[in-house]
Amino acid sequence: MSDIPTDLDWIRAAPENATGPGPWIEIAFTEDEDPEAPVYIRETSDPDNVVTTNRRKWDAFVLGVQAGEFDHFVEGVELDLDPTPEK
């Protein structure tokens, strides 16, 4: 039995101009504002595989992204938003 609520509102984290099914990351929050309240994360290509963290850790991660702390992970990676397959 899963302890993941079935009524979550999943927010897709995709580039603004992105089209197609992804795969993209989706995040869902509960209404609880407690720093220890769960945050749920999944990938659109495997929605049954959900990872859980809490708001405190999620907020720290987002602040780290905004501060550029993870930029070294994507050095040299190009984002292709063109949905047209190569021929």
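All residue numbers refer to position in the chain's written sequence, counted from 1. Side-chain atom pairs in this predicted model are given and counted only at pLDDT of 80 or more, local residue features only at pLDDT of at least 70, and totals for whole chains, interfaces and linings cover all residues. The side-chain values count all of the structure's non-hydrogen atoms but skip hydrogen atoms and water molecules.

The helix count covers DSSP runs of H or I at least four residues long, the strand count covers runs of E at least two residues long, and both are numbered beginning at the N terminus. In this fold, Glu-26 is placed in strand 2 (residues 25-29). For this analysis, a polar contact is any N or O atom pair within 3.5 Å, provided that within protein one partner can donate a hydrogen and the other can accept it, and provided that sequence-adjacent residues contribute only side-chain to side-chain pairs. A polar contact of 3.0 Å, which involves the side chain of Glu-26, links it to the side chain of Arg-12. Side chain to side chain, Glu-26 and Arg-42 meet in a polar contact 2.7 Å long. Once you skip the residues sitting within four places of it in the chain, Glu-26 turns out to touch Trp-10, Ile-11, Arg-12, Tyr-40, Ile-41, Arg-42 and Thr-44. For this analysis, residues touch if any pair of their heavy atoms sits within 4.5 Å.

Put simply, a salt bridge is a Lys or Arg side-chain nitrogen that is within 4 Å of an Asp or Glu carboxyl oxygen. Inspection of the entire model under this criterion finds three salt bridges. In this structure, the salt-bridge partner of Glu-26 is Arg-12, at a minimum N-O distance of 3.0 Å. Remark: Arg-12 occurs in strand 1 (residues 11-13) and Glu-26 occurs in strand 2; sequence separation between them is 14 residues. Relative accessibility under 20% of the residue-type maximum defines a buried residue, over 50% an exposed one, and the middle range a partly exposed one, all with a 1.4 Å probe and only protein chains included. The exposure class assigned to Glu-26 is buried, which follows from its relative accessible area of 7%.

Moving on to the sheet that holds strand 3 (residues 38-43). With antiparallel pairing, four strands are arranged side by side in an open sheet as 1-2-3-4. The open sheet is flanked by strand 1 and strand 4 (46-54), the only strands paired with a single partner. If you compare each strand with its neighbour and ignore which way they point, the axes differ by 30 degrees on average. When DSSP locates at least two bridges between a pair of strands, those strands are taken to pair. Summarising the sheet, strand 3 and strand 4 pair through six bridges and their orientation is antiparallel. Looking at the pairing, Arg-42 lines up with Val-50 of strand 4. Relative to strand 4, helix 1 (residues 55-66) is tilted by about 95 degrees, and along the sheet it contacts strand 2, strand 3 and strand 4. Structural elements are reduced to axes, namely lines fitted to C-alpha atoms, with helices fitted over the stretch in contact, and the angle between N-to-C directions of any two is expressed from 0 to 180 degrees.

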